[in-house]
Amino acid sequence: MKNRIHCIGLDYNETFARGFNLDVVDVDAARAAAGAFLNGGLENRKGVIYGAGTSGALALRLLPEGAATGFLDVAPAKKSFQGLRVEHPAQASWGGFALIAVSPANYLSVMKTIAGLAPEGCDLYFLWKYEFFDPEAWARLHSGDGSRPRVADHRPEGEAGDNRGRIFFEGGRTFRTILEQDFEFFRDLARDTARLGRLTANGLIETSVHLDTPERLVLEHKSLLPQSRANWSFSQYLDAARFFVDFWDFLTSEGYSLQDCHTGNVLFDGTRPRFVDLCSIGPREATTLSVPFLESFFQSWVHPLALVTSRQNVLMRDTVDDLLPWEDVRPLLSPEAAESAAALREEGLRRFRDMDVPGFLAAARRWLDSVTVSYSDAGWNNERYQADDLRDDQPRGGKEQLVVDLIGRHRPESFLDLGCNKGRFSLLAALRGVSCVSLDTAESLVDKLYLHARDRNLPIQAFIEDVAALRGYTKPDRAFDMVAYLALVHHLVFTFGRSVDQVLDQADALCRRVLLLEYVRPHESEPFVLSNYSPAIHTDYNPEAIARLMRKRFDAMEAHELCPTRILFVGSR
């Protein structure tokens, strides 16, 4: 992207402190804060507003009269807003500027949408300040100017294997065939229950011998939920890094070596990180302390967390699939973070030259202990939005009580909470002994739920996941006794363009026994649904169609009216 980028810097929370209805927003105060910037930069110019919502309506009032010629939005049902046309960014007439007026938590998705679409002469103005995302830095990383390509490394452990072993899956179980290289080492280790027990006590995945013959060794590992570092919140990433360093230190003290440093060595079992790649452990004589080995450690663990401690949260999340080299990362860091990471790199090179692994790991642990995780308080990231809900263990209101009653009636052993938001329903299920997997795209909500479950030792695995793209869990196969789409389906339909039929296809791949699906009517008290719903487009988004589609997939179906605008459909088999 080569567009000029400007940040107007209005305070999102302060502006909407009294609510998201413009009648209660102090428009004059917002105009006073932004007026000089907008009038000075946009006077006598024509452009568009990105975001046909409350922020967009406010932006229209702040701009000079006649400056905005229309709105950009990706919602297919929106054709006009505030008396102006609404166009998809791919078909829009952009003009000389685009004022980005959406929740600051959505800035990254907007940048990804408009990259390559905004004409080069179109200036981008961001209405809200957001200290955790630097759009100019993001644009530089994606400039396409021939800078160093980034190396992708995003796969769950075991997808590829190595020359020591191969992973395979059968019936939800996880096996590892040991190959010729270091065969005797791994067979001796597998047969030595005392050594294997010490490794397991310090974090190795639970491992047992499945087949042991002179020609073949097959081990079985405890099956864990498929995941990668892209699914970890920042606190999970930090906990995984600390665990990795501590486990590496333990291996060294026991006389073993580590063969690689990638994050695929670690998966979470509940809230506990586990070392899952047995074949990354080697004999002491196989120790390799090279510059590429050290660089792999930094790219996998240090660079992403240096971005976090620099409050470059959005850039870290956007580049988590990549291994950014130091020359790409350093310009993005705060001066303090760059200095401390550079010092650790220098110490690592010195310790590796001296073959001093414990000394380097002690320095790495100190650096990790200095990393701080913080979040914006804009929108759903606001601390107050979630904290009270995690402290209250009792069901509140009819919807929560109904879900608790359904858990009691169907007695699921596992619960998948899609779009978990605050984590209330996961919390209520976990407190009743149900093992929960909780998924959402809201980073800070997932992070706080993870920390709450970790600190209380609750059976909740919270991960960042694009629920709209989830197709099911394989390698190993995983389905859940109860799956919940609570306050979610309308977002999948109106934001991601899914039909209810497609949502239920997804549910089929995930649900073993009981499905909870909440429907929200288009009504003035549900403005998001009302403004996006089109009977001609969303033909199966109505109670009758949902009931029919659920009866096709489940043996029994019931509907519970939660309030005049919401229905909870329950399918069981």
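Before reading on, note that the structure itself is shown above.
These notes cover the structure that comes with them.

Calculation criteria
- Residues numbered from 1 in each chain as written.
- Predicted model: local features only at pLDDT ≥ 70, side-chain atom pairs only at ≥ 80, totals over all residues.
- Heavy atoms only, no water.
- Salt bridge = Lys/Arg side-chain N within 4 Å of Asp/Glu carboxyl O.
- Helix = DSSP H or I, 4+ residues; strand = E, 2+ residues; numbered from the N terminus.
- Buried < 20%, exposed > 50% of the residue type's maximum accessible area, 1.4 Å probe, protein only.
- Pairing = 2+ DSSP bridges.
- Axes fitted to C-alpha atoms, helices over the stretch in contact; angles between N-to-C directions.
- Contact = heavy atoms within 4.5 Å.
- Phe/Tyr/Trp six-rings, centres within 6.5 Å; stacked < 30°, edge-to-face > 60°.
- Lys NZ or Arg CZ within 6 Å of the ring centre and 35° of its normal.
- Core = buried A, V, L, I, M, F, W, Y, C linked by side-chain atoms within 4.5 Å.
- Parallel < 35°, antiparallel > 145°, perpendicular 65-115°, else oblique.

**Re the pattern of salt bridges**
Part 1: Following the criterion strictly, the structure yields 40 salt bridges and no others.
Part 2: A salt bridge links D369 to R365, with the shortest nitrogen-to-oxygen separation between them at 2.5 Å. With a gap of 4 residues between them, D369 and R365 both fall in helix 13 (residues 357–369), about one helical turn apart.
Part 3: R365 sits in the partly exposed class, given a relative accessible area of 25%.
Part 4: With a shortest N-O distance of 2.2 Å, R396 and D389 are connected by a salt bridge.
Part 5: On the basis of relative accessibility, which here comes to 36%, the residue R396 falls in the partly exposed class.
Part 6: In this structure D389 comes out as buried when scored by relative accessible area, which is 8%.
Part 7: Each of D239, R242, D246, R365, D369, R454 and D455 takes part in salt bridges that share partners, so that together they form one network.

**Some details on the sheet that holds strand 9 (residues 165–170)**
Strand pairing in a sheet is mediated by backbone hydrogen bonds. Such pairs are either parallel or antiparallel.
Part 1: A sheet is described by the order of its strands in space; here 4 strands give the open sequence 9-10-12-11, paired in antiparallel fashion. Unpaired on one side and paired on the other, strand 9 and strand 11 (207–212) mark the two borders of the sheet. The mean inter-strand angle of the sheet, taken between neighbouring strand axes irrespective of direction, is 30 degrees.
Part 2: Across the sheet, helix 6 (residues 183–191) is in contact with strand 10 (173–178), strand 11 and strand 12 (217–221); its angle to strand 12 comes to roughly 50 degrees.

**Digging into the packing of aromatic side chains**
Part 1: Inspection of every chain in the model, using the stated rule, returns 40 aromatic pairs.
Part 2: Plain terms: the ring middles of Y107 and F126 are 4.8 Å apart, the flat faces sit at 75 degrees to each other, and that makes the pair edge-to-face. With Y107 in helix 4 (residues 107–114) and F126 in strand 7 (residues 123–128), this pair connects stretches of sequence that are 19 residues apart. No difference in accessibility class separates Y107 from F126, as the two residues are buried.
Part 3: In this structure, R345 packs its charged tip against the face of F298, placed 5.1 Å from the ring centre.

**Quick notes on the nonpolar core**
Part 1: Within the largest apolar cluster, 191 residues are counted, with the highest numbers of intra-cluster contacts made by W248, F297, F360, L418, Y485, L515 and L516.
Part 2: When residues of this core are assigned to their parent elements, the largest contribution, 12 residues, is made by helix 8 (residues 234–253).
Part 3: With near-sequence residues (within four places) excluded, L515 lies in contact with V483, Y485, L504, A507, M550, F554, F569, V570 and G571.

**Quick notes on the pairing of strand 11**
Part 1: Note that strand 11 and strand 12 share 5 bridges and pair antiparallel. Looking at strand 12, one finds that L211 is bridged to V218.
Part 2: Connecting strand 11 to the antiparallel partner strand 12 that follows it, the hairpin turn spans 4 residues.

**Structural notes on the pairing of strand 23 (residues 556–563)**
Part 1: Of the pairings in the sheet, the one linking strand 23 to strand 24 (residues 566–572) comprises 7 bridges and is antiparallel in character. Following the sheet pairing, A559 is matched in strand 24 by F569.
Part 2: A loop of 2 residues connects strand 23 with strand 24, the two strands running antiparallel in sequence.

**As for the packing of helix 8 against helix 17 (residues 443–456)**
Angle between the axes and distance between the axes are the two parameters that describe a pair of packed helices.
Part 1: It is the contact of helix 8 with helix 17, at a shortest axis distance of 8 Å, that shows an interaxial angle of 50 degrees. By the criterion of interaxial angle, the relationship of helix 8 to helix 17 is oblique. Residues F234, S235, Q236 and D239 of helix 8 form the contact with helix 17, whose own contacting residues are E443, V446, D447, Y450, L451 and R454.

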